[in-house]
Structure formats: structure tokens, C-alpha cells
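For reference, the chains in residue letters:
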Amino acid sequence: MSFSNIAKKLALNQYPQEWDNWYDNTKSHEDTGLSLSALQDLQNRYSLFGTYYQDVVAGFEDLRRDALRSAWVYVACKHYMEHDMESCSKIPVPITDGTPAGDMAALFPLIVSVEDNIQSYYRRGFSDVEVNTYLDAYRGSIRATCSQTGRPGINPLYYRWTLYFAKAQMFPVGCFNFQIARVPNNVSVLQNVDTGKLIIALDQFLFHANGMPVDTNEDPNEPGNYNLRFDETDEDFLVHPIIDYRVQQERVAYSKKLWKKVIAPGDVVYSVHIPRGAVLTSENIEQSYILAQEIAWRAYPEYKIKGLYCSSWLLDPQLQQMLSEGSRINTFATGFTRYPVKSGTNQVFSTVFPNKPQDLSNLPEETSLQRKIKALYLSGGSIRCYDGFILYKS
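Only a predicted model underlies this, so the values are computations on that prediction, with no experimental measurement involved. (Residues numbered from 1 in each chain as written. Predicted model: local features only at pLDDT ≥ 70, side-chain atom pairs only at ≥ 80, totals over all residues. Heavy atoms only, no water.)

(A) Here's a closer look at the packing of aromatic side chains. Counting across every chain of the model gives 28 aromatic pairs. With a centroid separation of 6.0 Å and an interplanar angle of 35°, the aromatic rings of Y300 and Y303 are classed as tilted. A relative accessible area of 21% means that Y303 is categorised as partly exposed. The ring of Y80 carries the charged tip of K167 above its face, separated from the ring centre by 4.2 Å. (Phe/Tyr/Trp six-rings, centres within 6.5 Å; stacked < 30°, edge-to-face > 60°. Buried < 20%, exposed > 50% of the residue type's maximum accessible area, 1.4 Å probe, protein only. Lys NZ or Arg CZ within 6 Å of the ring centre and 35° of its normal.)

(B) Representation of the sheet that holds strand β15 (residues 337-340). One open sheet accounts for 6 strands, arranged β1-β2-β13-β14-β16-β15; its pairing is mixed. Since the sheet does not close on itself, it has two edges, and those belong to β1 (170-173) and β15, each with one partner. On average, adjacent strands in this sheet sit at an angle of 30° to one another, irrespective of strand direction. Pairing of strand β2 (residues 176-182) with strand β13 (residues 268-273) involves 6 bridges; the strand directions are antiparallel. In the sheet register, Q179 faces β13, and the bridge partner there is S271. Here helix α11 (residues 282-299) sits on the sheet in contact with β1, β2, β13, β14 (307-312) and β16 (386-391), set at roughly 45° to β2. (Pairing = 2+ DSSP bridges. Helix = DSSP H or I, 4+ residues; strand = E, 2+ residues; numbered from the N terminus. Axes fitted to C-alpha atoms, helices over the stretch in contact; angles between N-to-C directions. Contact = heavy atoms within 4.5 Å.)

(C) Up close: the side chain of T99. With respect to the helices and strands, the residue T99 is situated in the loop between α6 (85-89) and α7 (100-104). Within the structure, the side chain of T99 is placed 2.6 Å from the side chain of D97, a separation counted as a polar contact. At 3.0 Å, the side chain of T99 and the backbone nitrogen of G102 are in polar contact. With sequence-adjacent residues up to four places away left out, T99 is seen in contact with D62, R65 and D66. (Polar contact = N/O pair within 3.5 Å; in protein donor to acceptor, adjacent residues only side chain to side chain.)

(D) Looking closely at the environment of V214. Mapped onto the fold, V214 is located in the loop between β5 (206-207) and β6 (226-227). Here V214 falls in the buried class, since its relative accessible area comes to 5%.

(E) Highlighting the packing of helix α9 (residues 128-149) against helix α10 (residues 156-166). Orientation of α9 relative to α10, taken along the N-to-C sense of each, is 175°, at an axis distance of 9 Å. The pairing of α9 with α10 is recorded here as roughly antiparallel in orientation. Contacts between α9 and α10 involve Y134, A137, Y138, S141, A144, T145 and Q148 on the former and, on the latter, Y158, W161, T162, F165 and A166. Partitioning the contact of α9 with α10 into residue classes produces 8 nonpolar, 4 polar and no charged. (Parallel < 35°, antiparallel > 145°, perpendicular 65-115°, else oblique. Nonpolar A, V, L, I, M, F, W, Y, C, P; charged D, E, K, R; others polar.)

Given below as C-alpha cells:
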């Protein structure tokens, strides 16, 4: 059987071409350093799997009866060892079939180079305590998947999440996880040279006449839709301004005598992720940002990190009306210069609520935030995703 046939059976629509050749030359999982003895060694030395060790072993042993996922694990391990973070984040991950092999398959490519990854953190100056926290990403992803499915494993979402830690591209500091990331395409940030105020300059995004982005499931040809353009002349930046968190259709000229471009597409920033249970006091937030900037200078000098970026439902300005001015969510959100992006409306259902029921009237009302968000949805509204930036001072 060719790997293309395996991919079809696993419902993988696309995969790297080199996988065909790798599969044709498959020897065994030991060829990638993956074996039962290797799993036991990682558990003994680092407690990498915590209380889920026997589940991991069961998943690995179950691969012997699952030729399809066994083949995927082999080529995915090879890919992980030979490619960088960006390439590894794009590989297709098969959906579980509910078996131990199906639940655990996505874990195995992430552990073939654990020792190298640990040394990468040490080379960047991280302490033993910080490295141990990175190792908790493996246990945490198994635990998070188990809370969703009732079975230990790693689903495709948590594969990518754990990958950031495995490639030394994410680390926890204070109340956040900070990920090395690139500024999204077609997004720039301008700063006023006198006041320090920031504005977002968007280019080649499709928006409704009401100043909100056209979502994937919406009609791109709806009357009134317009495409954003960000241009520069010798004298000015031509920008669609954002007023009350809505992007305006008419462009405004911002003089280069008063404004400068401080963040451009492709620049490196920290992408800020908020773990469950984070205590978002103003003191914790500020201290986390300061420590992360110190780490940027010390551990990642080659990246020249420009600032902080966040993409989250927590940045939706509707929350400012729902919550008190001093609420922790608002304390976090108001630090960012924000703009609306394609909805991502389901984010709120995986954090505020246990899930999204078919009938939204069945949403729980155990907290004030749950009650207010439920009322918003039942009235036809929604919480959507916003992106935002904070610029680091030189």
C-alpha cells in the first residue's frame, strides 16, 4: 500500500510529498528513536507523561495493530526531526478513531527529540524550574484532551499547542504563555511620534459596510462590502481608521512627520496566550510583560521582538459593557490597541462554557459572565475574536 492510499483512509487531504519516499523506505519506529524503552526512559528521567504513562504505553503498543496510524507516526516523526517549527505546525494530524493508538498518535512525533529540545532551552539560558514547566506541556495537553473526550490523548489542537513548547518557541512567564510569532500578513502598526498613540493599518481585508470583517461563511459579494487598502506616499500613510472598534470605509492620510511605522508584517512579536485559571490582576499582568521582555533580550536576541500580540475573544469590547471597569478581563484587554478579525465566535464556548449546545437556551448560568454572554447570544448577538498589539519600549 502506498502512503497516498493511507492518507485517503485517514482522511488527510494533503501531506508533504517527501512522505511518500519516507514511507517506501520505512524500517520501524526504532528508526526514529521511538520505542517502549525510549518511552520508559523519558518517564524515568523527566516524568514526561506523569500519571498518563500507562496510557501512553497502551497507545504505542496499540499502533502494532493499526497499520495506518503506525505509518503516519513514522513519517510524522521523520518530518519533526528534519523540519522547523512552521513546517511541523502544518502537517496533517489524523482524527482519532477512539482507540488507544488513535488517541495517542499525535503525541509520538513530539517526543522523538525531547532531549534536544531540553538542551535548546538550556542554551537559551532557561533555568531548571523553567524547563520543568516546559515539560509540563506534554502532561497538560494529555490532561486537556482527556477533559474534552474522557480519554487520555492529544488531539490535533493540542498537538500544535505542545509543538510550540517542543520547538522552544513558547514558554510560561507569570500569568501567561508567550509564543515567538510573526505579525500576520497585511497588518502594520503606526505610532504617533509625540503622544506614543498606536493605530492599526490593515491591508487587503474584506469588510462589511458596518465596519466588521466578512466572515468565511458570509457572502463576499454583499452590497456595501469593501476591501481595505494601506498605502504610503512620500508624505503620508493612507489608512482606514478604526473608530469605536469598527473599521471605517474612507481612508485618512496620516502625515509621516507625525507618524512612524513601528510594526510591519513579518516582524517578530510575542503572541500572548492566557492559560485557564490565570489571575489577571494589573500587577501580575505588568510583571509578566516585564519578565517576558527581559527573556526576549536574554534568550532570543536574534528575533528582535517588537512587542506583544494577542488574538482572543477576551479582547471583544462588548465585554467592557458587560463587566465592571476594574474587572480582570477588562484590565487585560484595555492594554491592547485592538481591531476586529474574522469571528472565531466559538472560542468563548470552550472557555466560559463547557461546550456549545445546539439549543443555546441550555447554556449554564452559574456565573455573572455566563449569564450576560448567554443573554447576548439569545438576543442574536455574539462574542467575536479581536486582535491587538502592545509595543515594547526600546
